Amino acid sequence: MPSLLLLDSSADLETSRSRAVTATFADTWRSLGDDHTVVHRDLHRDQLPHLSNADLHFPPALRPAGSTVAPEQEALQTELIDELIAADVVVIGVPLYNYSMPSTLKAWVDYIHVPSVTAPFGDDPTQPMAGKTAVLVSARGATYDKGTPTEFDDHALPALTLILNGALGMHVETIVDTRTLTERFGGPADEVAKQHAELEAAHAAAAEAARRLG
Ligand SMILES: Cc1cc2nc3c(=O)[nH]c(=O)nc-3n(C[C@H](O)[C@H](O)[C@H](O)COP(=O)(O)O)c2cc1C
């Protein structure tokens, strides 16, 4: 039963590009058959609390003596990690907020990146997500084109790639939609046209990836 975990994090519930493109992925995934399941976690509508204790970054065996963590947060962490490990493919909507990922998505990362549980630690090679694919659907208001002065100003995709690929061993693919605010702020016609083309390409890429990975 191919299972998709879909995470959305945009605070825009009306016109979000990342939500639209992740929905195309999920709809295509479902169309592959009744056995293709989708677990949808909306990190904006149902926000996770921030970690109340830094020891939650480690499993009990790696916590300092006398450490106590809130049982409800530990239970939530277990639920999030179990949900992640049960997925065959993970799709994440990543709107760019202040050159980074939304804090709602960062909170999820803080729960699921746990050495010796989802990532290797010392001699322990544990890496249950190794080899699975994460598709990051990025939407940004401005332009971050190769060769321009803003090329390296996105700090969301690099940080997520470090965690999902570097730590969790996942294969990471990205679908990127830039210039999303061009039309709203009356940008030049050629930039509006580029934005439309990018959005269309992002939907096509999402559908293709769903068919290929499903
Ligand atoms: C809190 C906030 C911060 C933002 N910061 C940036 C930014 O640093 N760079 C940028 O290009 N766009 C920025 N934007 C614009 C969003 O990236 C853009 O609207 C994008 O389309 C959001 O994704 P969505 O369409 O899925 O909601 C910001 C928007 C918000 C709400």
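Residues numbered from 1 in each chain as written. Predicted model: local features only at pLDDT ≥ 70, side-chain atom pairs only at ≥ 80, totals over all residues. Heavy atoms only, no water.

In the nomenclature of an unreviewed UniProt entry, the chain corresponds to FMN dependent NADH:quinone oxidoreductase from the organism Frondihabitans cladoniiphilus. Taken directly from UniProt, the Subunit (unreviewed entry) text for the chain runs: "Homodimer." (UniProt positions renumbered as here; feature names shortened; annotations may be inferred.)

A. Representation of the overall build of the chain in the model. From N to C terminus, the chain includes five helices and five strands. Along the chain, helices and strands appear, N-terminal first, in the series β-α-β-α-β-α-β-α-β-α. Taking 17 Å as the expected radius of gyration for a compact globule of 214 residues, we find that the chain reaches 18 Å, a close match to that expectation. In terms of overall dimensions, the chain has a C-alpha envelope of 60 × 40 × 30 Å along the principal axes. Taking all 214 residues of the chain together, the buried fraction comes to 45%. When contacts within the chain are restricted to residue pairs at least 6 apart in sequence, those whose partners lie at least 24 apart make up 74%. When the accessible surface of the chain is totalled, it reaches about 10,400 Å², and 56% of it is carbon and sulfur. (Helix = DSSP H or I, 4+ residues; strand = E, 2+ residues; numbered from the N terminus. Rg over C-alpha atoms; globule rule 2.2 N^0.38 Å. Buried < 20%, exposed > 50% of the residue type's maximum accessible area, 1.4 Å probe, protein only. Contact = heavy atoms within 4.5 Å. Areas by Shrake-Rupley, 256 points an atom, 1.4 Å probe, with all protein chains shown as cover.)

B. Region of interest: the pattern of salt bridges. Counted under the stated rule, the structure contains 14 salt bridges. Residue E191 is joined to K194 by a salt bridge in which the shortest nitrogen-to-oxygen separation is 3.4 Å. Remark: K194 and E191 occur in helix α5 (residues 189–213); sequence separation between them is three residues, near one turn of the helix. What makes E191 buried here is its relative accessible area of 17%. Here E208 makes a salt bridge to R212, at a shortest N to O gap of 2.7 Å. With E208 and R212 both in helix α5 and four residues apart, this pair spans about one turn of that helix. The class for R212 is partly exposed, based on a relative accessible area of 44%. Several salt bridges share partner residues, and in doing so they unite D145, R179, E191, K194 and E198 into one network. (Salt bridge = Lys/Arg side-chain N within 4 Å of Asp/Glu carboxyl O.)

C. How the structure looks around the sheet that holds strand β1 (residues 3–8). In spatial order, the strands read β2-β1-β3-β4-β5; together these five strands make up an open sheet with parallel pairing. Lying at the two open borders of the sheet, with one neighbouring strand each, are β2 (37–42) and β5 (171–177). Across the sheet, the axes of successive neighbouring strands diverge by a mean angle of 15°, strand direction being ignored. By the bridge criterion, six bridges tie β1 to β2 in an arrangement that is parallel. Directly across from L6, in β2, lies its bridge partner H40. Contacting β1, β2 and β3 (89–95), helix α2 (residues 71–85) crosses the sheet at an angle of about 145° to β2. (Pairing = 2+ DSSP bridges. Axes fitted to C-alpha atoms, helices over the stretch in contact; angles between N-to-C directions.)

D. Quick look at the side chain of H113. By the element assignment, H113 lies in the loop between α3 (103–112) and β4 (133–139). When near neighbours in sequence (up to four residues on either side) are disregarded, H113 contacts H57, T118, A119, I163, A167 and L168.

E. Layout of the environment of F58. Note on placement: F58 falls in the loop between β2 and α2. With relative accessibility at 28%, the residue F58 sits in the partly exposed group. Between the C-alpha atoms of F58 and A209, which are 151 residues apart in sequence, the distance is 33 Å. For F58, the residues in contact, after removing those within four places along its chain, are R63, V114 and P115.

F. Representation of the site of the ligand within the structure. The full set close to the ligand counts 17 residues, and S10, S16, S18, Y144 and T180 are the nearest of them. A distance of 2.6 Å is found between an oxygen atom of the ligand and a side-chain nitrogen or oxygen belonging to S10. A distance of 2.7 Å separates an oxygen atom of the ligand from a polar backbone atom of L96. Classifying every residue of the shell around the ligand gives eight nonpolar, six polar and three charged. (Near = heavy atom within 4 Å. Polar contact = N/O pair within 3.5 Å; in protein donor to acceptor, adjacent residues only side chain to side chain. Nonpolar A, V, L, I, M, F, W, Y, C, P; charged D, E, K, R; others polar.)

G. Seen up close, the packing of helix α1 (residues 17–31) against α5. Here α1 crosses α5 at 30°, and the two axes come no closer than 8 Å. When the interaxial angle is binned, α1 and α5 end up roughly parallel. The hand of the α1/α5 crossing is right-handed. Contacts between α1 and α5 involve R17, A20, V21, T24, F25, T28 and W29 from the former and Q195, L199, A202, H203, A206, A207, A209, A210, R211 and L213 from the latter. By residue class, the composition of the contact of α1 with α5 is 11 nonpolar, four polar and two charged. (Parallel < 35°, antiparallel > 145°, perpendicular 65-115°, else oblique. Left-handed = near helix turned anticlockwise from the far one by under 90°.)

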